[in-house]
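# A closer look at the structure
Each chain is listed here by its residues.
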Amino acid sequence: MRLYHEKLVNATAMVKAAHENKYAIGHFNINNLEWTKAILEAAQASNTPVILGTSEGAIKYMGGPITVVGMVNGLLEELNITVPVALHLDHGQSIEMAKKCILAGYSSVMFDGSHLPYEENLAKTKELLIFANEHEISVEAEIGSIGGEEDGVVGNGELGDPTQAAEISKTGISMLAAGIGNIHGKYPEWWTGLSFDTLQDLQASCKMPMVLHGGSGIPQDQVEKAISMGISKINVNTELQLAFRDATRKYIEAGKDLDDKTKGFDPRKLLNPGYQALKETFNELTEWFGCKGKA
């Protein structure tokens, strides 16, 4: 039984098409109304399929999964969005949270059991798949943690194990995240790049769409090479946050928020530069990913 809005789709067909045709779907984390509206409008204007992602922290900030689903569904309807859109739980730390999001109306979920012993990760992934399949929900799993910090969970950036990739890919998941030297947040100066040898081994083992977390800040040539080797979904959060920050800072430093005549303090005006910057960043990155116009 499908509980999510008729305009939302699960991500399976999107990532399969991307994998077969050597491009990647952009997974853009949302944090509020401005984030969601900007990404949806940019996707519609460019005829680009998109995955909206919410971390557990962002879900809590926005009031809960029912609130997030209500906002997304309302925008899909009011903006007449016709491109494929999935609403995805990013780095779900428990099966309970994934189920809660599914029942609220999410069309895709990630169970991140990479912090658990592998056998427990595998067992819990299988358990979630039974529930998700009943509701036609796509599922993302992870092996080998992603470096950096995500909602309080710190990963040291362990590289994914090809043997584990081969086994977990047979469970029926739609996509697999695995550590290939990628890091959440801003990349430090000591970072040496993605491990393409690891990606090659993982892809040979799982032969399915793979996910690149920590997509913000990776050089374009490395992004394009990763896509050519099997990366079919790229997660972006920090890059959007930095673009929003820079545009908002420029507006405030110019003193426009202090202009009472134009009511520059109006939040719709105060947030507009950042809102436009989100669209510009979306358009730039989806060009890199090769998914622009693929709806």
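Remember, it's a predicted structure, so these values are computed and weren't measured experimentally. Counting restarts for each chain: residues are numbered from 1 in the order of the written sequence. A pLDDT threshold of at least 70 governs which residues receive local features in this predicted model, and a stricter bar of 80 or more applies before side-chain atom pairs are shown or counted, although totals over entire chains, interfaces and linings include all residues. As a rule here, side-chain values cover all heavy atoms of the structure and leave hydrogens and water aside.

## Here we look at the UniProt feature "active site" (unreviewed entry) in the chain
To keep things clear, this is the line we draw: UniProt positions are given in the numbering used here, feature names are shortened, and annotations may be inferred rather than shown by experiment. In this text, helices come from DSSP runs of H or I with a minimum length of four residues, and strands from runs of E with a minimum of two, each type numbered from the N-terminal end.
Under the feature "active site" (unreviewed entry), the UniProt entry names D90. Relative to the elements of secondary structure, D90 occurs in strand β3 (residues 85-92).

## Overview of the pairing of β3
As a reminder of what qualifies: Here's how the labels work: a residue is buried when its accessible area is under 20% of the maximum for its type, exposed when over 50%, partly exposed in between, all with a 1.4 Å probe on protein chains only. Strands qualify as paired when DSSP identifies two bridges or more between them.
With eight of eight residues buried, β3 lies mostly within the body of the structure. Pairing between strand β2 (residues 50-55) and β3: six bridges, direction parallel. Counterpart to G53 in the pairing with β3 is H88. With three bridges connecting them, β3 and strand β4 (residues 108-111) associate as parallel partners. Its bridge partner being in β4, G92 is matched across the sheet by F111.

## Notes on the environment of G214
Tracing the backbone through its elements, the reader meets G214 in the loop between β9 (210-212) and α9 (220-228). A relative accessible area of 9% means that G214 is categorised as buried. Taking the C-alpha atoms as reference points, G214 and M175, separated by 39 residues in sequence, lie 16 Å from one another.

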